[in-house]
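Structure at a glance
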Amino acid sequence: MESTAPRNPFPLSLGLNKLGLLGLKAPLLSALIILLLTGIAAQGLMRLKVDDSLSELFRTNTKEFRTYEEIDRRFPSSEYDVLVVVEGKNLLTREGLTAFANAASDLQLADGVDGIVSMLSARGRPDASGYAPPIVPDELPEGAAFDAMLTALKSNDIVKGKFLSNDGQLALAVLSLNREVVAEKSAKVVIGGIEEVAKQDLAPAGLTVKLAGAPVMQLEIRNAVERDQILYNGLGLFFGAAIAAIFFRRVSLMLVAALPPVIAVVWALGLLGWLGFKLNLFLNVMTPLIMVMGFADSMQMVSSIRIRLREGDTKLEAVKFAINIVGPACVLAHAAALLSFLALLFSESGLIRTFGEAGAMAVCISFVAVIVVLPLLALLFIRNEKTLARDHTPADGMMDALGNFVGAVVDRVVQHAVIYTLIAFALFAYFASLHLQLEPRYRLADQVPDREQALDASGRIDTKLTGANPFHVMIRWHNGASLYDPATLNVIKETHEALEKAAGLGNVWSLESLRRWLRENGDDNIETVKKYVKLLPENLVRRFIAKEQDAVLVTGRLPDIDASQILPVVEKVDHALDPVRKAYPNYEISVTGLPALAARNSYRMISQLDESIPLCVLVAAILLAVAFRSVFVGFISILPGLFPVVTSGALLWYLGDGLEFASVVALLVVFGLGVDALIHFLNRLRLEEQPGVSPELAIRRARVLVGPAIILTTMVLAFGLGVTIFSELPSLRTFGMVCGVTLLASLIADLVFLPATILVYRRYISRHT
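These figures come from a predicted structure and were not determined experimentally. (Residues numbered from 1 in each chain as written. Predicted model: local features only at pLDDT ≥ 70, side-chain atom pairs only at ≥ 80, totals over all residues. Heavy atoms only, no water.)

**Points about the pattern of salt bridges**
Overall, the coordinates contain 27 salt bridges when judged by the stated rule. The salt bridge partner of E70 is R476, with a shortest N-O separation of 2.5 Å. Of this pair, E70 sits in helix α3 (residues 63–74) while R476 is found in strand β7 (residues 469–477), placing the two residues 406 residues apart along the sequence. In this structure, the salt-bridge partner of R684 is E688, at a minimum N-O distance of 3.1 Å. Placement of the pair is R684 and E688 together in helix α25 (residues 661–688), with a separation of 4 residues, close to one helical turn. Residue R684 is classed as buried on the basis of its relative accessible area of 7%. You can call E688 buried: its relative accessible area is 9%. Through salt bridges that share partners, E70, R74, R476, E548, D550 and E588 make up one connected network. (Salt bridge = Lys/Arg side-chain N within 4 Å of Asp/Glu carboxyl O. Helix = DSSP H or I, 4+ residues; strand = E, 2+ residues; numbered from the N terminus. Buried < 20%, exposed > 50% of the residue type's maximum accessible area, 1.4 Å probe, protein only.)

Following this line, the structure appears as structure tokens:
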């Protein structure tokens, strides 16, 4: 029979586990307070909104990000275009062009559309009055004239390779959205209307249509996040409750284990709602994280309560025992998880810092739910506890089977402790060497649902045109110079050429594009340029000239490739612009846009996050060393702390993947969760190591007592986080995969390698020191 009071209580638990005893003194009042808090939290839960920003990941308090925000503000359509991709073999037939023209006219009139640019926008040589007729007229010509029109269209510098593919089977139309209308009617309504109009006009001609661009991606992200929330809530709760019910074989014990995490989810998400947080790519996993954090310790608490009830304790005695014995370990386990989230606060990314803040609050709420709510639920739900006693029910099949399995594993480890220790260190060294070879990676495609139309459409643009992602150079001046000053026009021209030559971009747009067209038609003097700028639609002018005429954009488009491949392009453009900056010091020239922002920041930010993991392990080791008053405990915790991390890294290396934001955040978070099992085992071992008890027996007792709960906890953690593999977001699928592998490796490290290493130390080192 176990002792009923802890020996050498944790000094770092600060008596926080005693909070559970406070609720037992006034159970009805405590229950009312819990119900009141849950009601308030439920109202906050309804206030949660979705943040679908594609740039939030790179939000930093730097000049670089402020420049990006400025182009979004001063050139509203630059990062807010809907790209309509039209494809079909009969695109350039009379029927196809007629359908395309009808679609362009109807889209111009669609709700929320400010303007449209397509191959139909191309103009021919101006006549004597200055009028430039469209290459494709409203009334299509016949016979040879039609063929000549197609030849002129396909050879036009503004059209070929930019709005029309070389094979003539894919056309691109760029729609400028009115943000005020989108805000009023919602992106879902506006984009849905655009898609409906386009399909109605184009489908009868055998042409397919797909939408891409930032607004479409944002809508798809928002829809995926909302769907995932329902999926994660449902499956996370189902898996946890099912596993608890199967192994505890009592509905009452299942409810005591499952309800505190559910309450923690409501409280945490409700608090986030009241504080104005928005669900995003990372906060979307907050629900399963809270569930598994709560389940991890509630399983330990309920397992302890069950063991004491089996020994004949009353339910009050069993609950107090769990608070006194398991409670301090729960304090340390949540402290370790809290440490993981606090580490994220040092990231340069605003999105990851927000995730760290939300996670830190969720950890604290999860602890309160486990240590305060669970004991109350145990008193309320557990009935006829005498029927659980061993004298009344000698066998408890599933849990006893788990205990026997753990005992068999420990017996084998005890017999071959040296071999398992050597295997542990050899695997650790090998996996660590592979982990260190991983390179940071970032692609916009990984943040967007890959089973929807936006990525497919973007892929077609990447394949047949020059790419869908805008790459900008912003030119600003504050010297009072005119937009049409020769110096200003020269800066624009040289910047335009730098993007074409240094970056190799074919789809470059700026005021220089208009000047070239006029030059080809024999008249590019300043007055003519001014005239045509005034004739162009406002939405088109605002793509490259600020309203105040003290800033311009030179824009190209890049395919969606890894940030590591974009970075050389960004650096090449930056270097090519250095002579321009030197020749025109009064003009500020900045390379910006989401691809440039991602290329410059993703490598540094992911590397910093990865480097913070060993620091977290080290700080956690120091925390445990102080808590257990043992330098050895601190040292021995490093292997099971880092082994799961390097194992997942080795798998990513084997699969040919790199370190992404999702995978490195998963490693950081699951490290904190995995330490939970380590702490509960060390806590139990501390109590079993009595004078006269051999190390082998103490380790076996400790492992058999907490091992089944640790296995159940790992199953709940793996299933709870594993549901993210069903997400439509590639980043969340990566998160789920890394979490699952890390937890499995953590279980192996805790069940096998940790006991073996401790035993080797006890047998061969501590006896000789």
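Having seen it, we continue.
**Focus: the packing of aromatic side chains**
For the coordinates displayed, the defined rule picks out 11 aromatic pairs. Ring geometry for F341 versus F355: centroids 5.8 Å apart, planes at 70 degrees, classification edge-to-face. With a gap of 14 residues between them, F341 in helix α12 (residues 327–344) and F355 in helix α13 (residues 350–381) connect regions that are remote in the sequence. Pair check on accessibility: F341 and F355 agree, each one buried. Between Y442 and F661, the aromatic rings sit 6.1 Å apart at their centres with planes inclined by 80 degrees, giving edge-to-face as the arrangement. Taken together, the residues span a long stretch of sequence, with Y442 in the loop between α15 (417–435) and α16 (453–464) and F661 in helix α25 at a distance of 219 residues. For the residue pair Y442 and F661, the accessibility class agrees, reading buried in each case. Through a chain of ring-to-ring contacts, three or more aromatic side chains come together here, namely Y430, F431, F643 and F753. Residue placement shows K162 over the ring face of W509; its charged tip is 5.8 Å from the ring centre. (Phe/Tyr/Trp six-rings, centres within 6.5 Å; stacked < 30°, edge-to-face > 60°. Lys NZ or Arg CZ within 6 Å of the ring centre and 35° of its normal.)

**Description of the confidence of the model for the protein chain**
Confidence along the protein chain averages 83 in pLDDT terms, with 92% of residues attaining 70 or more. Scored below 50 in pLDDT, residues 1–9 makes 24 contacts in the model with residues more than four places away or belonging to other chains. Predicted confidence is poor over residues 391–395, with pLDDT under 50, and the contacts of this stretch with residues over four places away or in other chains come to 7 contacts. (pLDDT = per-residue confidence, 0-100. Contact = heavy atoms within 4.5 Å.)

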